[in-house]
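# Examining the three-dimensional arrangement
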Amino acid sequence: MLTFPNAKINLGLNITEKRPDGYHNLETIFYPIPVEDALEINPLSEGDGKYCLHQAGMEIAGEAENNLVVKAYKLLDGLFDLPPVDIHLFKHIPSGAGLGGGSADAAFMLKMLNEKFGLGLSTGTLEEYAARLGADCAFFIRNAPTYAEGIGNVFSPVSLSLKGYQLWLVKPDIFVSTRDAFSQIKPHRPERSLKETVQLPVEAWKEYMVNDFEKSVFPQFPAIGAIKEEMYRQGAVYASMSGSGSSVYGLFAADAVLPDVDFGEKAFVYKGKLTV
Ligand SMILES: C[C@@](CO)(OP(=O)(O)O)[C@H](O)COP(=O)(O)OP(=O)(O)OC[C@H]1O[C@@H](n2ccc(N)nc2=O)[C@H](O)[C@@H]1O
Ligand SMILES: Nc1ncnc2c1ncn2[C@@H]1O[C@H](COP(=O)(O)OP(=O)(O)O)[C@@H](O)[C@H]1O
């Protein structure tokens, strides 16, 4: 069985307060985008292990057993004693980019195992299990535009469609640590909630919709801020860093012509139409 876990971008990200446990409360909107990994499971007949992970495409740091698709398998195996599986993961979504690729893989693995082995888990239960694997992981179960608060794990649906807009996404060869990015933020409540801001026309977002991480990340990595400026120079209706970086996206009108721009030899670049 084959599935295609997709990435997300953050539309706005307000870091509102630091909690006693060291984490931060925030508000953001997760929006699915058509940048995809490929994930396949087949019956595993060789050896006496319960899983075997084969990886291709972009490299992922860390051991196989720390891969989130393996963690997802282990979670359900612990509850349902699943048959052994052979897992193939083709990595196309850049990691450490604020695109949620690892979380998407984990959530899609849960959905695929549920279907393949007829576990009968409801969407709510799948979300509950996904949340154990990462704060934003549960978003990828429904995979629809979502307003998130709490530590990024309390969800409500948001009525919004960017279908038809062109997305230009650039992930430079720069690593931003999410933990460090948080540590440099002074949390504050925005004048108006993101829930209201997102209902304004997209043309007004430039003025009102903010990703708080930009304030700490851009001074440290000016090349990331420069990509956002380039997006606006090229006519973006709205541009922002996604999550804690380092990727930056621009939303462009359906008929805009997006030129070739050199963002560096190792940069990941995607251009395409939004489909939801
Ligand atoms: C902030 C977001 C917004 O989308 O950034 P991106 O990962 O997308 O860039 C995510 O919620 C990130 O979620 P995730 O990437 O799962 O973060 P985690 O691994 O759970 O946390 C990494 C570190 O960030 C800090 N952290 C994370 C989430 C949060 N609400 N408050 C925090 O202070 C903690 O120090 C934690 O140890
Ligand atoms: N299947 C996976 N794909 C990507 N990263 C993974 C995966 N499993 C574990 N990871 C780890 O999760 C970290 C965060 O990756 P990812 O979720 O793609 O980025 P981000 O949180 O910035 O959106 C990576 O640095 C990697 O070590």
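Only a predicted model underlies this, so the values are computations on that prediction, with no experimental measurement involved.

Scoring rules and cut-offs
Residues numbered from 1 in each chain as written. Chains lettered and ligands numbered in written order. Predicted model: local features only at pLDDT ≥ 70, side-chain atom pairs only at ≥ 80, totals over all residues. Near = placed C-beta within 6 Å. Helix = DSSP H or I, 4+ residues; strand = E, 2+ residues; numbered from the N terminus. Nonpolar A, V, L, I, M, F, W, Y, C, P; charged D, E, K, R; others polar. Pairing = 2+ DSSP bridges. Expected span 1.5 Å × (residues − 1). Buried ≥ 20, exposed ≤ 12 C-beta atoms within 10 Å, placed from the backbone. Contact = placed C-beta atoms within 7 Å. Axes fitted to C-alpha atoms, helices over the stretch in contact; angles between N-to-C directions. Left-handed = near helix turned anticlockwise from the far one by under 90°. Domains from an automatic or database assignment.

## Quick word on the site of ligand 2
Contacts to ligand 2 come from 18 residues, most closely from L68, S95, G101, G102 and D105. Sorting the residues of the shell around ligand 2 by element identifies helix 1 (68-80) and helix 2 (101-116) as the ones contributing at least two each. The element contributing the most residues to the shell around ligand 2 is helix 2, with four residues. Class assignment for the residues of the shell around ligand 2 results in six nonpolar, 11 polar and one charged.

## Looking at the pairing of strand 4 (residues 38-43)
Summarising the sheet, strand 1 (residues 2-3) and strand 4 pair through two bridges and their orientation is antiparallel. The partner of T3 across the bridge, within strand 4, is L39. As defined by bridge partners, strand 4 adjoins strand 6 (residues 85-91) across six bridges and the pair is classed as antiparallel. What sits directly across from P43, in strand 6, is V85.

## Section: helix 1
A rise of 1.5 Å per residue sets the reference length of helix 1, with its 13 residues, at 18 Å; its end C-alpha atoms lie 18 Å apart and thus fit the reference within 8%. Turning to helix 1, its buried residues are L68, V69, V70, A72 and Y73. Where helix 1 is buried, its residues meet strand 4, strand 5 (51-57), strand 6 and helix 2.

## Observations concerning the packing of helix 1 against helix 2
Angle between the axes and distance between the axes: these two values describe a pair of packed helices. Packing of helix 1 against helix 2 brings their axes to within 8 Å, and their N-to-C directions diverge by 35°. The interaxial crossing formed by helix 1 with helix 2 has right-handed handedness. Facing L68, V69, K71, A72, Y73 and L76 of helix 1, the residues of helix 2 in contact are G102, S103, D105, A106, M109, L110 and L113. Residues belonging to the contact of helix 1 with helix 2 are distributed by class as follows: nine nonpolar, two polar and two charged.

## Focus: the domain arrangement of the protein
For interface size, the figure often reported is the accessible area lost on association. Each assigned domain of the protein is listed here: domain 1 (2-157) and domain 2 (166-273). Taken over C-alpha atoms, the centre of domain 1 sits 23 Å from the centre of domain 2. The partner domain 2 presents 30 residues to the 23 residues of domain 1 that form the contact. At the level of elements, strand 2 (6-18) and strand 3 (24-36) are the ones that each hand at least two residues to the side of domain 1 that touches domain 2. Sort the elements by how many residues they give to the side of domain 1 that touches domain 2 and strand 2 lands first, with 10 residues.

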